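For reference, the chains in residue letters:
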Amino acid sequence: MKRVIFICGLILSSVLSFALESVKFDKGEYLVDLDTLLIKWKTMDEEINLSSSQEYFEAKVISKKDKEIIFERKDSLVTFTFFEDYMSVKGEPKSGSFLFPLIAYERQEFILPLKNGKRVPADDKVWKEYLEKKLDNSQGASVFSMNLFSIKSNEKYITYIYDNRYHNKVTYKDNILSFSHDFSKISKNNEINFKIYPNVSSIAESAKIYRKELIQTGKFKTLKEKIKENSNVEKLLGAPHFYITGEVLFSIEDVIDFNGFFNKFKEEIRNKDSFLMKLLSKNISTSKEFESFIGQLKSNQNLNLYEKRTLVKYFNELLYNEIFSNEENSLETSQNLKLEIEKRFGKFMTPINYWGEGTSIEILEILNQFGINRAWLGFHNYTMGELNPKFIKKATDMGYLVGAYDSYKSIHLKGKEKWNTASFQDETLFDSSTITLENGEKVTGFNGFGRELNPKFSFDEVSYRLNRFSKLRFNSWFVDTDAVGEVYDDFTPGNESDEEEQINQRIKRMELIKDKYNLVIGSEDGDDFAASTISYAHGIFTGIVPWWIYKDMKNPNSDYFMGRYVSKDGGVPEYFEKEILLIDEADYIFYNELFNIPLYQLVYNDSVVGTNHWIFHTLKVKNRQEDIALRGILYNVPPMYHLDRKTLKENKDKITKHFQNFSKLHRELVLEEMVDFCYLTEDRLVQKTTFSNGKEIIVNFSEVPFYQNNIKVDKKSFLLINFKKSKDKL
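What comes next concerns the included structure. Note that the structure is predicted; figures quoted are calculated from it, not measured.

What to know about the overall build of the protein chain
Within the protein chain one finds 22 helices and 36 strands. For 730 residues, the compact-globule formula gives about 27 Å, and the C-alpha radius of gyration of the protein chain, at 28 Å, lands near that figure. On the principal axes, the C-alpha backbone points of the protein chain span a range of 100 × 70 × 50 Å. Expressed as a percentage of the 730 residues in the protein chain, the buried residues total 61%. Residue pairs at least 24 apart in sequence account for 68% of intrachain contacts in the protein chain once pairs closer than 6 positions are excluded. Counting every atom, the protein chain has about 30000 Å² of accessible surface; 48% of that belongs to carbon and sulfur.

Points about the packing of aromatic side chains
Geometrically, a pair of aromatic rings is defined through the distance of the ring centres and the angle of the planes. The tally for this structure, following the rule as stated, stands at 56 aromatic pairs. Ring centres of phenylalanine 478 and tyrosine 536 lie 6.4 Å apart, and the angle between their planes is 25°; this geometry places the pair in the stacked category. Taken together, the residues phenylalanine 478 in strand β25 (residues 476-479) and tyrosine 536 in strand β27 (residues 536-538) connect sequence positions 58 residues apart. Phenylalanine 478 sits in the buried class, given a relative accessible area of 0%. Overall, the relative accessible area of 0% leaves tyrosine 536 in the buried class. Grouped by ring-pair contacts, the aromatic residues Phe98, Phe100, Phe144, Phe149, Tyr160, Tyr162, Phe179 and Phe194 constitute a single cluster. Cation over ring: lysine 620 sits above tyrosine 575, and NZ or CZ is 5.9 Å from the ring centre.

So, the sheet that holds strand β6 (residues 47-51)
With respect to topology, four strands assemble into an open sheet ordered β3-β4-β5-β6, the strand pairing being antiparallel. Of all the strands in the sheet, just β3 (21-24) and β6 have a single pairing partner and so form its edges. Strand-to-strand, the axes of this sheet are offset by a mean angle of 25°, without reference to chain direction. Taken together, the four bridges between strand β5 (residues 38-42) and β6 define a ladder with antiparallel strand orientation. By the bridge assignment for β6, lysine 40 is matched with asparagine 49.

A look at the side chain of glutamate 461
Turning to its location among the elements, glutamate 461 is positioned in helix α14 (residues 459-469). Judged by relative accessible area, which is 5%, glutamate 461 ranks as buried. In this view, glutamate 461 contacts Tyr408, Ser423, Phe424 and Gln425; residues no more than four positions away in its chain are not counted.

Side note on the pairing of strand β18 (residues 176-182)
Among the seven residues in β18, seven count as buried, and that is most of the element. Of the two faces of β18, the one holding Ile176, Ser178, Ser180 and Asp182 and the one holding Leu177, Phe179 and His181 are both buried throughout. Following strand β17 (residues 168-173), the chain reverses through two residues before pairing antiparallel with β18; aspartate 174 in that reversal takes a positive phi of roughly 55°.

Some remarks on the pattern of salt bridges
Applying the stated criterion to the full structure yields 55 salt bridges. The partner of glutamate 21 in a salt bridge is lysine 64, with the nearest N and O atoms 2.9 Å apart. Pair noted here: glutamate 21 is in strand β3 and lysine 64 is in strand β7 (residues 60-64), with a separation of 43 residues, a long-range link. Note that arginine 465 is salt-bridged to aspartate 406, the shortest N-O span being 2.7 Å. Remark: aspartate 406 occurs in strand β22 (residues 401-406) and arginine 465 occurs in helix α14; sequence separation between them is 59 residues. Judged by relative accessible area, aspartate 406 falls into the buried class, the value being 0%. Because the salt bridges share partners, they merge into one network encompassing Lys221, Glu229, Glu511, Lys514 and Asp515.

Topic: the sheet that holds strand β29 (residues 640-643)
Strand order in this open sheet of eight strands is β28-β27-β26-β25-β22-β21-β20-β29, and the pairing throughout is parallel. Where the open sheet ends on each side, the last strands, each with one partner, are β28 (609-611) and β29. Strand-to-strand twist in this sheet, taken as the mean axis angle between neighbours without regard to direction, amounts to 25°. Across four bridges, strand β21 (residues 376-379) lies against β22 in parallel orientation. Paired with tryptophan 376 across the two strands is leucine 401, which belongs to β22.

Describing the side chain of serine 184
On the secondary structure map, serine 184 appears in the loop between β18 and β19 (192-200). Aside from chain neighbours lying at most four places away, what touches serine 184 is His167, Asn190 and Asp489.

Quick notes on unusual backbone geometry
Each neighbour pair has its own omega, and for phenylalanine 100 with proline 101 the value is -10°, a cis peptide bond. Its place among the elements puts proline 101 in strand β11 (residues 97-103). Even without glycine at this site, arginine 684 takes up a positive phi of about 65°. Within the fold, arginine 684 resides in the loop between β30 (674-679) and β31 (686-691). Residue arginine 684 is classed as partly exposed on the basis of its relative accessible area, which comes to 21%.

Remarks on the pairing of β29
The alternating pattern of β29 places Met640 and His642 on one face and Tyr641 and Leu643 on the opposite face, and all of these are buried. Here strand β20 (residues 241-244) runs beside β29; their pairing, made up of four bridges, is parallel. Counterpart to tyrosine 243 in the pairing with β29 is histidine 642.

Looking at the environment of threonine 222
For threonine 222, the location among the structural elements is in the loop between α3 (203-216) and α4 (223-229). Sequence-wise, threonine 222 and alanine 531 are 309 residues apart; in three dimensions their C-alpha atoms are separated by 9.4 Å. Setting aside residues no more than four positions away along its own chain, threonine 222 makes contact with Asp606 and Ser607.

Overview of α14
Burial within α14 is extensive, with eight of its 11 residues counted as buried. When α14 is considered as a whole, its buried residues turn out to be Phe459, Glu461, Val462, Tyr464, Arg465, Leu466, Arg468 and Phe469. Residues of α14 that are buried in the fold lie against α9 (330-345), α11 (384-387), β22, β25 and α15 (499-516).

So, the environment of tyrosine 306
Note on placement: tyrosine 306 falls in helix α8 (residues 305-323). Given a relative accessible area of 59%, tyrosine 306 falls into the exposed group. Placed 155 residues apart in sequence, tyrosine 306 and glutamate 461 show a C-alpha to C-alpha distance of 40 Å.

Comments concerning the nonpolar core
If you look at the biggest cluster of nonpolar residues, it comprises 177 residues, and the most contacted ones within it are Phe80, Trp477 and Phe616. The dominant element in this core, judged by the number of residues it contributes, is α3, at six residues.

About the thresholds
Residues numbered from 1 in each chain as written. Predicted model: local features only at pLDDT ≥ 70, side-chain atom pairs only at ≥ 80, totals over all residues. Heavy atoms only, no water. Helix = DSSP H or I, 4+ residues; strand = E, 2+ residues; numbered from the N terminus. Rg over C-alpha atoms; globule rule 2.2 N^0.38 Å. Buried < 20%, exposed > 50% of the residue type's maximum accessible area, 1.4 Å probe, protein only. Contact = heavy atoms within 4.5 Å. Areas by Shrake-Rupley, 256 points an atom, 1.4 Å probe, with all protein chains shown as cover. Phe/Tyr/Trp six-rings, centres within 6.5 Å; stacked < 30°, edge-to-face > 60°. Lys NZ or Arg CZ within 6 Å of the ring centre and 35° of its normal. Pairing = 2+ DSSP bridges. Axes fitted to C-alpha atoms, helices over the stretch in contact; angles between N-to-C directions. Salt bridge = Lys/Arg side-chain N within 4 Å of Asp/Glu carboxyl O. Core = buried A, V, L, I, M, F, W, Y, C linked by side-chain atoms within 4.5 Å.

Here is the structure:
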């Protein structure tokens, strides 16, 4: 039989092969060619490729038993082991790469763990172009949220599960999906093991096989187990997620008499020994701009909105700089400054307990009025906690989870920090402990600023930050990027560590925060290497639009502009608040319900509470808000919002309506396994999820009602089966 092999558009080999190795079972027969790594599964009804032929390299057989073949091929030691329901392929490159599998033919669609999961038709041109860019020789560890993928062929699924997520590359080109595992000279483990299941009936069965594998290898922990370790984890059940913005001691809404406030302000300016002048003398850069602005205003002038905002903005900058000029005393300083302001300006302002933007006590009272008795409230910046510690105490007393954003990925040069999480107490880390590639280049930090820190050297800073904020009564913590798969070998002399060791150090870091400080821990994305540690994941539900599409959305002159990272009143920046339309490609890839599947939820519904990314939150894409809410109901995923006084009041109806539909439902289902997902119509717009307690959810994403037997589901609505409340619209 003559074979011509095409990879990436090039003819790599044309070889004669007269015989294939055969291993037979009752259900079918495996046919393998050791020289090209061709693997077929043959039954009485069909013959399908599990991995297509590669370039010919003569194999050297080392051992051959009844159900096992060990051989060397192209600098890799390879073992094929055959079982009734699956076969195992172990590859260990001694140099270079072990390319396997190569999927080139006979597939209808791919089932890929791109965030929560995607069903990708093999003949879809938009997806083809997207995957070619997304999987352009990319790290397998950073692309896939779980160590599995499937292909659909002849109405059945072939599922691939692998055990080593490190040093992998995934490529899609010319309709060929290839997976390769690279040799690493500093890694202790260069093996990769695949299990290939050739006869899987559904997407759900693929997920169940993977889940069973995790449980059997001790890599799965349920939310029930996590609640036993920390009872506060239970507060995630039925809780929407809110990011709180506003690093200000008081907001424009806290000033009720601006004329009186401003005149008192001018009076303070005239007195060189006043509280305000002492602040100005300490903050030269801010004070010059501030004094220039004040000098342009007349003493009794009625301030317009811009002038009011500018006055409050500069005043808060002065206060913020003073508070954090000495981090050791920042909490005490912030509270003393509030008392000083109240003493001088209090009669022109609301009561002191209501001051702030996102951290105003009014926020908690409004949530309570809305009937939202459960929520995760996350500060955009951990320093916000020191501006209003009473907010944290009241929120935790009300039963909410209150956390803060933290990150240890990037480190910047001392004095040149772009954001405070990139500032570390140990200045030597920037040169001594940042990640170096094999070519000697340093890995840059987020957004191209600074460098990426090897997590092994972050623990002193972790202790410093968590000890500093432990007095504030936080009961949750969010560590950015720790559950994101992107990782590099570090070749820094004396600090050499491979990808796996660095991921283990991230897990150790989160475990420290979780256990020592008794905090409900979460992270970005929620890739499954971290699933046993984290309790919630931000970004797994939808993810974010990649840079090659996203760049057009950063153009202020574009109809798709995301918004500026500024806030007029010190609250939610426009970048998060602004509702947008998406570029067609992004809308098609990320929000078309033909392609979204709950693959992650089928594995982890009762282990990790996943939700949207904070950039593409529940309300960000204005023409998809209804579908996002419906998919959240179907997948049992909580909503995410950005919160300050203004946005909370503006979005009251959307937030409360969704909470009423979602919260009780989530509490009933999040401790249960999601056992099935299926389509009820040929157009795939009516979908159903089933849970281990027998409860089912049907969502109709279409524009027409759905009828089946005695069931009716209105357009853009959902139906609950085996619940007390049966149906509703969002």
